[in-house]
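Chain by chain, the residues:
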Amino acid sequence: MNKRFFYWSIISIAVTAQLFAVETVRFQEQTYSGSVTYNEKAQPGDAVFVRLSMRFAGAVRKETLKNTAAVLQLFKGKERAATAQFFFTHPKNRSAETADMLAGIPLSTWLSDKEVYSLKVIISTGDAQKKEIMLPFSIQKKQFASERIVLDARNTGIRKDVSPERRAQSEKLNKILETVIPQDVYTLKPFTIPVDSKRITSGFGDRRVFEYTDKQTSTTLHYGIDYGVPTGTPVHSCAEGKVVLAENRISTGWSIVVEHLPGLYSLYYHMDSLNVQEGQYVKQGEKLGLSGATGLATGPHLHWEVRLNMGAVNPEFFLKEFAF
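Okay, so let's go over this structure. (Residues numbered from 1 in each chain as written. Predicted model: local features only at pLDDT ≥ 70, side-chain atom pairs only at ≥ 80, totals over all residues. Heavy atoms only, no water.)

### A short note on the overall build of the protein chain
Here is step 1 of the chain: A tally of regular secondary structure across the protein chain gives three helices and 24 strands.
Here is step 2 of the chain: The globule rule puts the C-alpha radius of gyration for 324 residues at 20 Å, and the 22 Å found for the protein chain is close to it.
Here is step 3 of the chain: When its C-alpha atoms are laid out on the principal axes, the protein chain stretches across 75 × 45 × 40 Å.
Here is step 4 of the chain: Contacts in the protein chain between residues far apart in sequence, at least 24 positions, make up 66% of those at least 6 positions apart. (Helix = DSSP H or I, 4+ residues; strand = E, 2+ residues; numbered from the N terminus. Rg over C-alpha atoms; globule rule 2.2 N^0.38 Å. Contact = heavy atoms within 4.5 Å.)

### Quick look at unusual backbone geometry
Here is step 1 of the chain: One non-glycine residue, histidine 270, lies in the positive phi region at around 65°.
Here is step 2 of the chain: Positive phi is not limited to glycine here, since asparagine 309 has a value of about 50°.
Here is step 3 of the chain: Mapped onto the elements of the fold, asparagine 309 is located in the loop between strand 23 (302–308) and strand 24 (311–313).

### A few points about the environment of asparagine 174
Here is step 1 of the chain: Within the secondary structure layout, asparagine 174 lies in helix 3 (residues 164–177).
Here is step 2 of the chain: Among the residues examined, asparagine 174 registers a relative accessible area of 35% and is labelled partly exposed. (Buried < 20%, exposed > 50% of the residue type's maximum accessible area, 1.4 Å probe, protein only.)

### Concerning the pattern of salt bridges
Here is step 1 of the chain: By the definition in use, this model includes eleven salt bridges.
Here is step 2 of the chain: Of the charged contacts in the structure, one is a salt bridge between arginine 51 and aspartate 100, with a shortest N-O distance of 2.6 Å. With arginine 51 in strand 5 (residues 47–56) and aspartate 100 in strand 9 (residues 98–106), the pair connects residues that are 49 residues apart, well separated along the chain.
Here is step 3 of the chain: With a closest N to O distance of 2.7 Å, arginine 307 and glutamate 305 form a salt bridge. Comparing arginine 307 with glutamate 305, the two get one shared label, buried.
Here is step 4 of the chain: Among the ionic contacts, a cluster of salt bridges with common partners joins Glu147, Arg208 and Asp226. (Salt bridge = Lys/Arg side-chain N within 4 Å of Asp/Glu carboxyl O.)

### Describing the sheet that holds strand 15 (residues 217–221)
Here is step 1 of the chain: As summarised here, the arrangement of the three strands in space is 12-14-15, forming an open sheet in which the pairing is mixed. In this open sheet, the two edge strands, each paired with only one partner strand, are strand 12 (146–150) and strand 15. On average, each strand axis in the sheet is inclined to that of its neighbour by 25°, with strand direction left out of account. (Pairing = 2+ DSSP bridges. Axes fitted to C-alpha atoms, helices over the stretch in contact; angles between N-to-C directions.)

### Comments concerning the side chain of serine 291
Here is step 1 of the chain: One can find serine 291 in strand 22 (residues 287–291).
Here is step 2 of the chain: If near-sequence neighbours (up to four positions away) are discounted, serine 291 is found in contact with Val229, Pro230, Thr231, Gly232, Thr233, Val235, His270, Met271, Asp272 and His301.

### A closer look at helix 3
Here is step 1 of the chain: Compared with an ideal rise of 1.5 Å per residue, which puts 14 residues at 20 Å, helix 3 spans 20 Å between its outermost C-alpha atoms and is within 8% of the ideal.
Here is step 2 of the chain: Check the buried side of helix 3 and you find it contacts helix 2 (153–159), strand 18 (241–249), strand 19 (253–261), strand 20 (264–274) and strand 23. (Expected span 1.5 Å × (residues − 1).)

### As for the sheet that holds strand 11 (residues 131–139)
Adjacent strands of a sheet form backbone hydrogen bonds with each other and so pair up, either parallel or antiparallel.
Here is step 1 of the chain: Pairing within the open sheet is mixed, and its five strands lie in the order 4-11-10-6-7. Each having just a single partner strand, strand 4 (41–42) and strand 7 (79–85) make up the two edges of the open sheet.
Here is step 2 of the chain: Sheet analysis places strand 10 (residues 117–124) next to strand 11, joined by seven bridges and oriented antiparallel. Bridge pairing in strand 11 links lysine 120 to methionine 134.

### Description of the packing of aromatic side chains
Here is step 1 of the chain: Within the structure shown, the criterion is met by eleven aromatic pairs.
Here is step 2 of the chain: Ring centres of tyrosine 227 and tryptophan 304 lie 6.4 Å apart, and the angle between their planes is 35°; on these two criteria the pair is classed as tilted. Of this pair, tyrosine 227 sits in strand 16 (residues 224–227) while tryptophan 304 sits in strand 23, and the two are 77 residues apart along the sequence. Tryptophan 304 matches tyrosine 227 in its accessibility class, with the two residues each being buried.
Here is step 3 of the chain: Stacked on the ring of tryptophan 110, the Lys or Arg arginine 207 has its end atom at 4.1 Å from the ring centre. (Phe/Tyr/Trp six-rings, centres within 6.5 Å; stacked < 30°, edge-to-face > 60°. Lys NZ or Arg CZ within 6 Å of the ring centre and 35° of its normal.)

The values reported here are purely geometric and, on their own, carry no functional implication.
Right, dumping it as structure tokens:
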């Protein structure tokens with residue numbers, strides 16, 4: 001008989017303005033032990049991140065660690081709402097005794113605090129039996145702002161542009177944002193604000209109504225944060241990473257996208273000029289260029305956006321210790 005043992009405990013960690021209410025669950029199996037650390041609460045538009053740490057007992061072959069994998073699942077009631085694959089936090093520096101992994105799931109701005117949610121971590125070490133850990137999780141109530149934006153003829157034209165060029169630009173960006181490369185782990189540190197200003201003119205998740213010159217309207221969501229800064233304000237990378245897009249786009253003007261983790265990207269729109277090029281590695285705080293009002297913009301500002309597994313996440317979420 002193959003005896004398998006486990007135990008679990010939950011540890012609450014004190015929080016400050018820049019920390020999460022963190023929960024830790026510990027477990028013990030016959031050949032390995034470990035812990036799962038995650039943010040047990042979040043607001044709509046935030047994310048949930050889970051840090052999985054495992055230690056293997058005895059003489060464990062390297063193949064065991066090589067075959068170790070884990071999956072994170074988000075449930076709404078009994079329905080599985082989202083899934084994310086764990087990646088190793090130090091893919092180039094792994095021993096045969098330990099494994100440290102991270103996974104994150106973006107949370108829609110439409111999630112309700114009245115629903116019941118939970119998380120499941122599924123661990124596989126290459127044998128037939130997988131370990132499942134259920135985690136309590138809840139969504140907090142949040143109210144998003146609404147705004148009506150009247151567009152002039154130029155911005156109306158950009159908004160209604162259905163040209164092959166704009167479509168190709170959208171397809172190129174989406175292909176980048178859907179790319180998940182497990183080895184691309186550039187940083188686990190909290191992000192920093194990309195401009196030296198806290199003047200926010202539009203918040204993340206704002207419900208927007210655009211009014212065109214012909215008085216027709218369309219409704220959309222604001223996927224980032226707009227900082228009202230003058231043209232020529234230095235824009236800095238919010239975290240270490242690799243520049244994967246740097247070009248002039250019809251809708252977002254001079255734009256930059258930086259990859260930070262597998263499936264995690266920061267975006268900088270409406271810039272006046274760029275200081276970096278695609279393929280370049282940048283450090284946290286490194287100058288990317290200057291802000292402006294290019295593309296669809298009603299005035300000078302920087303649009304800062306963060307995407308996780310394609311989903312837009314409130315950039316302020318990453319100003320905290322999101323990777324624990």
